[in-house]
Amino acid sequence: MSSFAGRMKEYPTISLDRFDRENLHAQAYFLSHCHKDHMKGLKGPLLKRKLQFSRTVRLYCSFVTKELLLNNPKYAFWEENIVPLELESPTQISLVDEASGEKQEIVVTLLPAGHCPGSVMFLFEGGHGNVLYTGDFRLAVGDVSRMEHLHSGSRVKNIQSVYLDSTFYDPRFYQIPSREVCLRGISELTGNWISQSPHHVVWLNCKAAYGYEYLFTNLGEEFNTQIHVNSLVMFKKMPEILSYITTDRRTQIHACRHPKDEEFFLGNRLPCGCTAADGTPLRIISIKPSTMWFGERSKKTNVLIKTGNSSYRACFSFHSSFSEIKDFLSYLQPVNIYPSVVPIGRTLQEVTQMLRMMCRKQPDEAAIVYKPLGVLKRSRMQPPTNDSGSDEDLFEGLDLVPVRKKAYLNQEAERENPPETTAPPVDESVPLVVSDPQPVGQNYFDCTESNGEEDDDDEEEEEGKGDAAKGTKAPPKWEDFFSAEMLSDSQNSQSQSCCSVRTASPSRATGSQTPELFSDEEEHPDNEETFSLALSASLSDRSSQNIEDTLILHPETQNHPVQSEPEELPASQASSDFDVPGTPESKAPRPDELSQLYRKLASGEEVAIRERRFT
DNA sequence: GCGATCAGGT
DNA sequence: CACACCTGATCGC
């Protein structure tokens, strides 16, 4: 769960995904997606009051997120202050200090995050550098290399800091089967079951959260049916999702919920109470999407596990795996990385240390490391700074020191996996000093920011002992996962001149579909009235044959090798300089445009990932 | 009665 | 298999 306190060092007057405490004073708010752990304080009375007195405070998010948010009346007071932004459209925003009238301009670009419908990452470009706040994300290996707005021509933009969804940034979660593979597993199991008879139904035991929608749309499409859910209202403006869900219980695929649904299921009942008309009992299996991960060398990559007579667990992840995150970071090579999550069993120090290895190597640090006696002192460019207060208290409780790469020379080289994605050079061109905030798409920045205060280095031995003492099974040593090769790789890639892009399966930018989002929106199915499936009683009973106990599906067997197909990329890509409309308040789209937008966003259409980009 | 927080559940 | 929630108990206002 996110423990991000809401603010970024570079732009401390804005708050993201946190709306309580210090964040009450922010000049602008950003919501990456509509999960509750990213909405803390968002309906608070203090914030509500603030809005009544402020003329300038806005909440920026995607169109889909706005729609999902306003679906809950508790957030309705935001309506006038929400500015939905289109994906991949750099937008200039004024940050206004209402007391002094001071203004600061910043450009924000929403990038698809693949976490749930409407989920985005925020790229900020302004006087204090380019920073990327990922929110929660699931991107496949290679996806980042196709994101136009992270590039400037053929170069990767110079990213000062990444505020990272580090949920699975731990070698234990080295690999998580791809979305496509997981989907195929679920799809095959579903198909095998429901084709046996009309009485065979599948219950998708999904938690109440957005993110499963793409499962519904894909299954709906594949089996030419609709999935039964409790409510359609949240998707009323998202036809691409809406067309695959229904409140009509006469369907063989259900994702409905009930507070006692597990109990129901044990009694062979669906959460909606649906039964067969003629008294023939339904034959129900449950499929529970949940995260499954595998270590680096594990050959076991089953995406389905049988957990009971008629229940299954299916692999499904909202978050990128360790190797996906590594790919993402080693491509971007930010100067700093700040984790927003500490994986359980880990400590912040460990994660921070692991992340250091993914940071860009700082030239002056190389000097420090390799030329110990203070040779060369490079002159530093100080970023323009108006931080008046101390930054330290921004990150309450979290010891978030700028993470920078150090030399780790003691790794055994033993890595067979080649670097996942090769990064083009980072654009370190000298920033123009910004006198005029208009020009956007430009990197102001500086790669040698505050150095500094790094006093805490070696605490990990203690931590390790602590873990052992607690009896927690010690997670694998992370050092093993960063071999010398990898370290040198991230350096090499800087000197590489062209971008080799892999064609990994494009990730769905925005999935779609889920039952109830907000708890306060009830409307439970009425279980008194049992609906009947009007079906013939031809029940082929091969029901209770035992299926093997564990694994059902090996993705490898159907996985198309994700080799790097060359992909027709001219080595010299025309550098399109991005035009940035100055759209401080982003005009409201017309209704027709809007519904198109919703469709795109909601369907998980690959909005971001257009092949055309490098042509 | 509402909200925040925690424990415990899936 | 560790997600993103629920519910229920307790406490303070």
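About the criteria used
- Residues numbered from 1 in each chain as written.
- Chains lettered and ligands numbered in written order.
- Predicted model: local features only at pLDDT ≥ 70, side-chain atom pairs only at ≥ 80, totals over all residues.
- Heavy atoms only, no water.
- Helix = DSSP H or I, 4+ residues; strand = E, 2+ residues; numbered from the N terminus.
- Buried < 20%, exposed > 50% of the residue type's maximum accessible area, 1.4 Å probe, protein only.
- Pairing = 2+ DSSP bridges.
- Domains from an automatic or database assignment.
- Contact = heavy atoms within 4.5 Å.
- Buried area = accessible area lost by both parts, 1.4 Å probe.
- Salt bridge = Lys/Arg side-chain N within 4 Å of Asp/Glu carboxyl O.
- Polar contact = N/O pair within 3.5 Å; in protein donor to acceptor, adjacent residues only side chain to side chain.
- Nonpolar A, V, L, I, M, F, W, Y, C, P; charged D, E, K, R; others polar.
- UniProt positions renumbered as here; feature names shortened; annotations may be inferred.
- Axes fitted to C-alpha atoms, helices over the stretch in contact; angles between N-to-C directions.
- Parallel < 35°, antiparallel > 145°, perpendicular 65-115°, else oblique.
- Left-handed = near helix turned anticlockwise from the far one by under 90°.
- Phe/Tyr/Trp six-rings, centres within 6.5 Å; stacked < 30°, edge-to-face > 60°.

Colleague: Which residues make up the environment of leucine 46, and what values go with them?
Modeller: Mapping leucine 46 onto the fold places it in helix α1 (residues 45-53). Sequence separation between leucine 46 and lysine 288 is 242 residues; the distance between their C-alpha atoms is 39 Å.

Colleague: Give a description of helix α2 (residues 63-70) that names residues and reports values.
Modeller: Burial analysis of α2 places seven of its eight residues in the buried class, the great majority of the element. What α2 keeps buried is the set Phe63, Val64, Thr65, Lys66, Glu67, Leu68 and Leu69.

Colleague: Requested: an account of the sheet that holds strand β15 (residues 253-254), with residues and values cited.
Modeller: The strand order across the open sheet built from seven strands is β14-β13-β15-β12-β17-β19-β18, with neighbouring strands paired in mixed fashion. Strands with a single pairing partner mark the edges of an open sheet, and in this sheet they are β14 (245-246) and β18 (304-306). Where strand β12 (residues 200-204) and β15 come together, two bridges link them in parallel fashion. From the neighbouring strand, tryptophan 203 faces β15, where its bridge partner is histidine 254.

Colleague: Explain the domain arrangement of chain A residue by residue, including any values.
Modeller: Each assigned domain of chain A is listed with its residue range as follows: domain 1 (14-173 + 323-357) and domain 2 (179-316). Between domain 1 and domain 2, the C-alpha centre-to-centre distance is 31 Å. The interface of domain 1 with domain 2 comprises 15 residues on the first partner and 15 residues on the second. Summing both partners gives a buried area of about 1300 Å² for domain 1 against domain 2, and 58% of it is carried by carbon and sulfur. Among the residues domain 1 hides against domain 2, the three largest losses belong to Glu67, Leu68 and Asn71. Together they make up 37% of the total. For glutamate 67, the salt bridge is made with lysine 237, and the minimal N-O distance between the two is 3.4 Å. Viewed at the interface, domain 2 and domain 1 are joined by five residue pairs in polar contact (both at pLDDT 80 or more). Residues belonging to the side of domain 1 that touches domain 2 are distributed by class as follows: eight nonpolar, four polar and three charged.

Colleague: So what's going on with the UniProt feature "domain: DNA repair metallo-beta-lactamase" (unreviewed entry) in chain A? Which residues, and what values?
Modeller: UniProt annotation of "domain: DNA repair metallo-beta-lactamase" (unreviewed entry) refers to residues 239-342 when read in the numbering used here. Across residues 239-342, helical content stands at 20% and strand content at 25%; the span's end C-alpha atoms are separated by 37 Å.

Colleague: Which residues make up the sheet that holds strand β8 (residues 129-133), and what are the values?
Modeller: Overall, mixed pairing links the six strands, which are arranged β5-β6-β7-β8-β11-β20 in an open sheet. Of all the strands in the sheet, just β5 (91-96) and β20 (336-339) have a single pairing partner and so form its edges. Strand-to-strand twist of the sheet, defined as the mean angle between neighbouring strand axes without regard to direction, takes the value 25°. Pairing of strand β6 (residues 103-112) with strand β7 (residues 120-126), which is carried by seven bridges, proceeds in the antiparallel orientation. For isoleucine 106, the partnering residue across the bridge sits in β7 and is glycine 126. Against the sheet, helix α7 (residues 322-332) makes contact with β7, β8, β11 (159-164) and β20, and its axis sits at roughly 165° relative to β11, the strand it touches most.

Colleague: Which residues make up the packing of helix α3 (residues 179-194) against helix α4 (residues 213-222), and what values go with them?
Modeller: Put simply, α3 and α4 touch, their axes get as near as 11 Å, and they point 50° apart. One element, α3, and the other, α4, form an angle in the oblique class. Helix-helix and strand crossings are classified by hand; for α3 and α4 the assignment is right-handed. Within the contact between the two elements, α3 uses Arg179, Leu183, Ile186, Ser187 and Thr190 and α4 uses Tyr214, Leu215, Asn218, Leu219 and Glu222. Taken together, the residues of the contact of α3 with α4 sort by class into five nonpolar, three polar and two charged.

Colleague: Any chance you could break down the packing of aromatic side chains for me, citing the residues and the numbers?
Modeller: This model, assessed by the stated rule, comprises 21 aromatic pairs. Between phenylalanine 4 and tyrosine 133, the ring centres sit 5.1 Å apart and the planes meet at 40°, which makes this aromatic pair tilted. With phenylalanine 4 in the segment before β1 (14-16) and tyrosine 133 in strand β8, this residue pair connects regions lying 129 residues apart in the sequence. Of the two residues, phenylalanine 4 and tyrosine 133, both sit in the buried class. Ring geometry for tyrosine 29 and tryptophan 78: centres 5.9 Å apart, planes at 80°, overall edge-to-face. On the criterion of sequence distance, the pair formed by tyrosine 29 in strand β2 (residues 28-30) and tryptophan 78 in the loop between α2 and β4 (82-85) is long-range, its members being 49 residues apart. The pair formed by tyrosine 29 and tryptophan 78 is uniform in burial state, with each residue classed as buried. Ring pairs connect the aromatic residues Phe4, Tyr133, Tyr163 and Tyr338, which therefore count as one cluster.

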